[in-house]
Amino acid sequence: MSGYLFKLIRESIPMTQVELAERLAVDLNTVQGWELGRRPLTSMRALDLARLRMKMTGLGVQPSLFELLSDAFEADLVIADAVEAGARVADPVSHPLAAVVHRRDLTNLITWPVTGVTPTQLANLATGRPVRRGPVSDRPVLHADERARFFDHLLTSADAFRKDEHVLLRRQAIYLLGFDDRETSSQWLLDEQNKSVSAASRAGDIPSWVAVRSSAIALARNGNKEPLRRFVETGLSTDMQQTANLNYWAYWLGEIPEAQADDGFMIDAHPNRWAGTRVIEHLLGRLRPGSDHADLNIHTLWTLLLARPAVLDHQPDLRRLALTKIAQTEADPDLGSRTRQELASVAYAIRLADR
């Protein structure tokens, strides 16, 4: 992942591998090794990596692009450890999925080789790349056996680690399993969803419901929307659950800037911790007929406008976009009655803000 990102960074200058090797006074094989993973950037000493960053900045690379490498390094770690372990159970204490609560940018890098969807933060880099001759991959590649080992490990980890101290590791493995199109994973997720709902109903705590949320989102991505609808109805029915959902979205999209080591931040009800603009822009961008996660997205929009009624003030363009997206989404025959009512309430709130 980091090697492919480094290639995009090099092309942003733009320079060929030969030109960059000459300017950095290194062998061509070194540059090729960085980009192809034969000499992983993750293996470089911190001092050498800092020096490379300074030299690349001097050659015209935007400093912010090197900041993206941090997530790429972590994505490499998640993928490499999983592929190496395969179906073997790894140490939960040092497992990369247990270290920090993932954000969208990191997750999109991890899943890029599977989905083929360019991460949002790389959209400008991937656009306008030089045309090459011959077959060249347009994204990092996981070969079939590597992909199978990656998802085998996620399934093994999610199944093996069920103690309270493993909740973050397990939840994040479950979420990533939603990108596995194998029937065995889909069936496991469905069985897990049923178990999680029963456990959460008994426990009544936020971590239990977050586990239900992860499996429901994974199932919806594979075409089964009913568990997510059930989660919205039963798992987002109290003020604390609504707060947890909004805080998670804010963290996922970077409005809560501090990295979090566990899910405890979700129950922080401090009203001024984040503004909500980034969350509403993201959710509006996901409004469309046939969306896998329409029930959750629309419900979150509805609760966001209740909690942050001024979020659309002084944003006429965003309000117009919202009404256009809502009109398009209202045509979706698959919307449930509750979701349709909440969507109508969102439209009403936006029209009031226009007055």
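As a reminder, the structure under discussion sits directly above these lines.
The shown structure was predicted, so the numbers you read here are calculated from the model rather than taken from an experiment.

It is worth spelling out the overall build of the protein chain at this point. Across its full length, the protein chain holds 17 helices and zero strands. In terms of C-alpha radius of gyration, the protein chain reaches 22 Å, essentially the compact-globule figure of 20 Å for 355 residues. With respect to the three principal axes, the spread of C-alpha positions in the protein chain is 60 × 50 × 40 Å. Expressed as a percentage of the 355 residues in the protein chain, the buried residues total 48%. Residue pairs in contact within the protein chain that sit at least 24 positions apart in sequence constitute 70% of those at least 6 positions apart.

This next bit is on the packing of helix H5 (residues 63-85) against helix H6 (residues 104-115). For the pair H5 and H6, the least separation of the axes is 9 Å and the interaxial angle reads 50°. In terms of orientation, H5 and H6 fall into the oblique class. As H5 runs across H6, the sense of the crossing is right-handed. Contacts between H5 and H6 involve Asp71, Ala72, Glu74, Ala75, Val78 and Ile79 from the former and Asp105, Leu106, Leu109 and Ile110 from the latter. For the contact of H5 with H6, the residue count by class is seven nonpolar, no polar and three charged.

Tracing the chain through its elements places Glu233 in helix H12 (residues 226-235). Of the residues examined, Glu233 reaches a relative accessible area of 44% and is grouped as partly exposed. Sequence spacing of Glu233 and Ala216 is 17 residues, and the spatial spacing of their C-alpha atoms is 12 Å.

With that settled, consider the packing of aromatic side chains. Scanning the model with the defined rule gives eight aromatic pairs in all. Here the aromatic rings of Tyr175 and Trp252 are separated by 5.8 Å at their centres, their planes lie at 70°, and the arrangement is edge-to-face. Within this pair, whereas Tyr175 is found in helix H9 (residues 167-177), its partner Trp252 is found in helix H13 (residues 239-252), the two being separated by 77 residues in sequence. Neither residue differs from the other here; Tyr175 and Trp252 are each classed as buried. Relative to Phe231, the ring of Trp209 has its centre 6.4 Å away and its plane inclined at 50°; by these criteria the two rings are tilted. Of this pair, Trp209 sits in helix H11 (residues 206-221) while Phe231 sits in helix H12; the two residues are 22 residues apart in sequence, bridging distant segments of the chain.

Moving on to helix H15 (residues 294-307). The end-to-end C-alpha distance of H15, which contains 14 residues, comes to 20 Å, matching closely the 20 Å that a straight helix rising 1.5 Å per residue would cover. Within H15, eleven of the 14 residues are buried, which leaves it mostly tucked inside the rest of the structure.

Now for the packing of helix H1 (residues 2-11) against H5. Two elements in contact, H1 and H5, have axes separated by 8 Å at closest approach and are oriented at 160°. One finds that H1 runs roughly antiparallel with respect to H5. Crossing of H1 against H5: the hand is right-handed. Residue-level contacts link Ser2, Leu5, Phe6 and Ile9 of H1 to Leu65, Phe66, Leu68, Leu69, Ala72, Phe73 and Asp76 of H5.

The biggest cluster of nonpolar side chains holds 102 residues, and the ones touching the most others in it are Ile9, Met56, Phe150, Phe231 and Ile280. With near-sequence residues (within four places) excluded, Ile9 lies in contact with Met56, Val61, Leu65, Phe66, Leu69 and Leu125.

Calculation notes
- Residues numbered from 1 in each chain as written.
- Predicted model: local features only at pLDDT ≥ 70, side-chain atom pairs only at ≥ 80, totals over all residues.
- Heavy atoms only, no water.
- Helix = DSSP H or I, 4+ residues; strand = E, 2+ residues; numbered from the N terminus.
- Rg over C-alpha atoms; globule rule 2.2 N^0.38 Å.
- Buried < 20%, exposed > 50% of the residue type's maximum accessible area, 1.4 Å probe, protein only.
- Contact = heavy atoms within 4.5 Å.
- Axes fitted to C-alpha atoms, helices over the stretch in contact; angles between N-to-C directions.
- Parallel < 35°, antiparallel > 145°, perpendicular 65-115°, else oblique.
- Left-handed = near helix turned anticlockwise from the far one by under 90°.
- Nonpolar A, V, L, I, M, F, W, Y, C, P; charged D, E, K, R; others polar.
- Phe/Tyr/Trp six-rings, centres within 6.5 Å; stacked < 30°, edge-to-face > 60°.
- Expected span 1.5 Å × (residues − 1).
- Core = buried A, V, L, I, M, F, W, Y, C linked by side-chain atoms within 4.5 Å.

Worth remembering: the numbers are spatial, not functional.
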